[in-house]
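Remarks on the overall topology
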Amino acid sequence: MLAPVLLAGLLSAAIPAVGDTAPDFTVKDTDGKVYILSEMVKQGPVIVAFFPKAFTGGCTKQLKAFTARHAEIEKLQGRVLAFSTDDAETLKRFKAELAAPFPFIPDPQGKVVESYDVKMPLVTVSKRYTFVVGEGRKVLKVDAGGDAIDPSGAITSCSQAQPAAKEPAPATPAPEAKPRP
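An account of the accompanying structure is given in this report. Counting of residues starts from 1 at the beginning of each chain's written sequence and follows it residue by residue. Given that this is a predicted model, residues contribute local features only at a pLDDT of at least 70 and side-chain atom pairs are listed and counted only at 80 or more, while totals for whole chains, interfaces and linings are drawn from all residues. Side-chain figures throughout are based on the complete set of non-hydrogen atoms in the structure, without hydrogens or water.

**Some remarks on the environment of glutamate 114**
One can find glutamate 114 in helix α6 (residues 111–115). Leave out the neighbours within four places in its chain, and glutamate 114 touches Gln109 and Lys119. Each helix corresponds to a stretch of at least 4 residues labelled H or I by DSSP, and each strand to a stretch of at least 2 residues labelled E; elements are numbered beginning at the N terminus. By definition, residues are in contact when any of their heavy atoms lie within 4.5 Å.

**Comments concerning the packing of aromatic side chains**
Two aromatic rings, drawn from Phe, Tyr or Trp (for Trp, its six-membered ring), form a pair once their centres lie within 6.5 Å of each other, and the interplanar angle then sorts them: stacked below 30 degrees, edge-to-face above 60, tilted otherwise. Applying the stated criterion across every chain, the model contains 12 aromatic pairs. When the centroid spacing of 5.2 Å and the interplanar angle of 75 degrees are considered together, the rings of phenylalanine 25 and phenylalanine 83 count as edge-to-face. Taken together, the residues span a long stretch of sequence, with phenylalanine 25 in the loop between α1 (2–12) and β1 (26–28) and phenylalanine 83 in strand β4 (residues 79–84) at a distance of 58 residues. Taking the relative accessible area as the measure of exposure, phenylalanine 83 reaches 0% and is therefore buried. Note on phenylalanine 51 and phenylalanine 94: the rings are 5.8 Å apart at their centroids and 45 degrees apart in plane angle, and the pair reads as tilted. Residue phenylalanine 51 is located in the loop between β3 (46–50) and α3 (57–68), and its partner phenylalanine 94 is located in helix α5 (residues 88–98); the two are separated by 43 residues in the primary sequence. Pair check on accessibility: phenylalanine 51 and phenylalanine 94 agree, each one buried. Members of the aromatic cluster, joined through ring pairs, are Phe25, Phe50, Phe83, Tyr116, Tyr129 and Phe131. Partly exposed describes any residue whose relative accessible area lies between the buried limit of under 20% and the exposed limit of over 50%, with all areas from a 1.4 Å probe on protein chains only and scaled to the type maximum.

**Details of the environment of tyrosine 116**
Within the fold, tyrosine 116 resides in the loop between α6 and β6 (129–133). Between the C-alpha atom of tyrosine 116 and that of tyrosine 129, which follows or precedes it by 13 residues, the distance is 9.6 Å. Within the structure, tyrosine 116 has its side chain in polar contact with the backbone oxygen of proline 23 (distance 2.8 Å). Distance and chemistry together define a polar contact, namely a pair of N or O atoms within 3.5 Å, with one atom able to donate a hydrogen and the other to accept it when in protein, and with adjacent residues in sequence counting only for side-chain atoms on both sides.

Right, here's the structure in full:
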């Protein structure tokens, strides 16, 4: 009886892959500010970073690494949203302890975690994943597990998400002045 339910769950959702359209979301951070993915990607790439639990070793290492390299991400017009199924108060304390300059998004019901199919089996806790989402919500990079702790791949993907520099229009010569009669 349980096997068909588990199989149905496996077939109903899939972790977004490079080239897929990332699920859209509207969320509030620990300070109550609203973020809409489909609007954010119009300004530049968004790193959607899922982590299992605040104040744990791997999660602390992951978010310290993103904090340390945040200036690089900003130079590329990138933004980071850090998601966890922890409650808002826990994430507020964790963000303050790390002095993280980016939003922490509480997802205690796991709605966004489930939409990205990164929920651990049987518990409402996310797996460690980072997605770099570009224009049109296209997934540019996916890192999982230990690879998601190091932001290097995400930062490289942000640099590749930059629109090609527009070449300046050729200068048009000014019309020659005609002598007055």
